[in-house]
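# Chain and residue survey
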Amino acid sequence: QVQLVESGGGLVQAGGSLRLSCAASGRTFSTYTMGWFRQAPGKEREFVASISWNAYSTDYADSVKGRVTISRDNAKNEVYLQMNSLKPEDTAVYYCAAPSRRGPTISSLPAAFAYWGQGTQVTVSS
């Protein structure tokens, strides 16, 4: 079965950095767009970033643009999210996500993604 497992979260002070990883199994996602979402307590799950299957294009939420870089290693079936200059408002559970089919996924809505990891907690203190 398909499984996405996030790692790399933790507690960091404002201005610090974290690198999140997403390891996929059960399916090769080398031809799929992949995405990262986050959800803070009491808030809706929101889009953070996505990357095309060949890393030709990337997309970022305005709230993280310039501070976050999404990347992937298709040989390892992994996706990464490098986060720098972290702010307290970045505190959330971060989820790795994949769509149900290969190719481009142009929507940033959670409903466009079929597979989700269990999430990794990122806490940014001030």
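Attention in this report is confined to the structure presented alongside it. (Residues numbered from 1 in each chain as written. Predicted model: local features only at pLDDT ≥ 70, side-chain atom pairs only at ≥ 80, totals over all residues. Heavy atoms only, no water.)

Strand order in the open sheet formed by 4 strands is β1-β3-β8-β7, and the pairing between neighbours is antiparallel. Sheet topology places β1 (3–7) and β7 (68–73) at the edges, where each strand pairs with a single neighbour. Neighbouring strand axes in the sheet, compared pairwise and without regard to direction, differ in orientation by 15° on average. The pairing of strand β3 (residues 18–25) with strand β8 (residues 78–83) spans 6 bridges and is antiparallel. Counterpart to A23 in the pairing with β8 is E78. (Pairing = 2+ DSSP bridges. Helix = DSSP H or I, 4+ residues; strand = E, 2+ residues; numbered from the N terminus. Axes fitted to C-alpha atoms, helices over the stretch in contact; angles between N-to-C directions.)

L4, M34, W36, I70, L81, M83 and Y94 are the most contacted members of the largest nonpolar core, which totals 33 residues. Of all the secondary-structure elements, those providing two or more residues to this core are β3, β4 (34–39), β5 (46–51), β7, β8, β9 (92–98) and β11 (120–125). Per-element tally for this core: the top contributor is β9, with 5 residues. Non-local contacts of Y94, meaning those with residues more than four positions away in its chain, are made with E6, L20, W36, F37, R38, V48, L81, M83, G119, T120 and V122. (Core = buried A, V, L, I, M, F, W, Y, C linked by side-chain atoms within 4.5 Å. Buried < 20%, exposed > 50% of the residue type's maximum accessible area, 1.4 Å probe, protein only. Contact = heavy atoms within 4.5 Å.)

So, on to unusual backbone geometry. We note that A55 has phi near 60°; this positive angle belongs to a residue other than glycine. Its place among the elements puts A55 in the loop between β5 and β6 (58–60). One non-glycine residue with positive phi stands out, namely S85, at about 50°. Along the chain, S85 falls in the loop between β8 and β9.

A word on the layout of surface pockets. Its volume calculated, the largest pocket comes out at about 180 Å³. T33, S50, S52, S57 and T105 are the residues nearest the centre of the largest pocket, which is lined by 15 residues in total. At the level of secondary structure, the elements contributing two or more residues to the lining of the largest pocket comprise β5 and β6. No other element matches the 3 residues that β5 contributes to the lining of the largest pocket. In terms of residue class, the lining of the largest pocket is built from 5 nonpolar, 9 polar and 1 charged. (1 Å grid on protein atoms, 1.4 Å probe; cavity = no way out; pocket = protein on both sides within 12 Å on 5 of 7 lines; lining within 4 Å. Points joined across faces, edges and corners; volume = space filled by probe spheres on them. Nonpolar A, V, L, I, M, F, W, Y, C, P; charged D, E, K, R; others polar.)

So, on to the packing of aromatic side chains. In the structure shown here, the tally under the stated rule is 7 aromatic pairs. Centroid distance F29 to Y32: 5.1 Å. Interplanar angle 70°. Geometry classified as edge-to-face. No difference in accessibility class separates F29 from Y32, as the two residues are buried. Their ring planes at 80° and their centres at 6.5 Å tell us that Y95 and W116 sit as a pair that is edge-to-face. With Y95 in strand β9 and W116 in strand β10 (residues 115–116), this pair connects stretches of sequence that are 21 residues apart. Relative accessible area serves as the criterion here: at 12%, Y95 is assigned to the buried category. (Phe/Tyr/Trp six-rings, centres within 6.5 Å; stacked < 30°, edge-to-face > 60°.)

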